[in-house]
Amino acid sequence: MPSTNTAHHCIHHTTGLCGWTHHQKPKDKYETAKCTDSSLSYSRHSQGTCSHHHGVRYWFK
């Protein structure tokens, strides 16, 4: 079962910004990150998220 982003806050990450605090909204309740190239991520774990998409721009988890 995928994780959801319904908490509206972010856990601490070393890269990327918290989307909630930058007035960004995820496409749906399962999107956990938006990559720098605007692709979406549904990764449950932060490690390796958006690694083939130039890194994470916004987190939603």
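Residues numbered from 1 in each chain as written. Predicted model: local features only at pLDDT ≥ 70, side-chain atom pairs only at ≥ 80, totals over all residues. Heavy atoms only, no water.

1. Digging into the packing of aromatic side chains
Under the criterion given, the structure shown has one aromatic pair. An angle of 75° between the planes, with centres 5.5 Å apart, marks the rings of W20 and F60 as edge-to-face. Pair noted here: W20 is in the loop between β1 (17-18) and β2 (33-35) and F60 is in the segment after β4 (56-59), with a separation of 40 residues, a long-range link. In this structure, W20 and F60 share a single accessibility class: buried. (Phe/Tyr/Trp six-rings, centres within 6.5 Å; stacked < 30°, edge-to-face > 60°. Helix = DSSP H or I, 4+ residues; strand = E, 2+ residues; numbered from the N terminus. Buried < 20%, exposed > 50% of the residue type's maximum accessible area, 1.4 Å probe, protein only.)

2. Here we look at the sheet that holds β1
In spatial order, the strands read β1-β4-β2-β3; together these four strands make up an open sheet with mixed pairing. Of all strands in the sheet, those with a lone pairing partner are β1 and β3 (40-41), marking the two edges. Summarising the sheet, β1 and β4 pair through two bridges and their orientation is parallel. Bridge pairing in β4 places C18 opposite W59. (Pairing = 2+ DSSP bridges.)

3. Things to note about the nonpolar core
Side chains of nonpolar character tend, in soluble globular proteins, to be buried together. Within the largest apolar cluster, five residues are counted, these being A33, C35, C50, V56 and W59. Elements that contribute at least two residues to this core include exactly β2 and β4. Apart from the residues lying within four places of it in its own chain, the contact partners of C35 are S41, C50, H53, G55, V56 and R57. (Core = buried A, V, L, I, M, F, W, Y, C linked by side-chain atoms within 4.5 Å. Contact = heavy atoms within 4.5 Å.)

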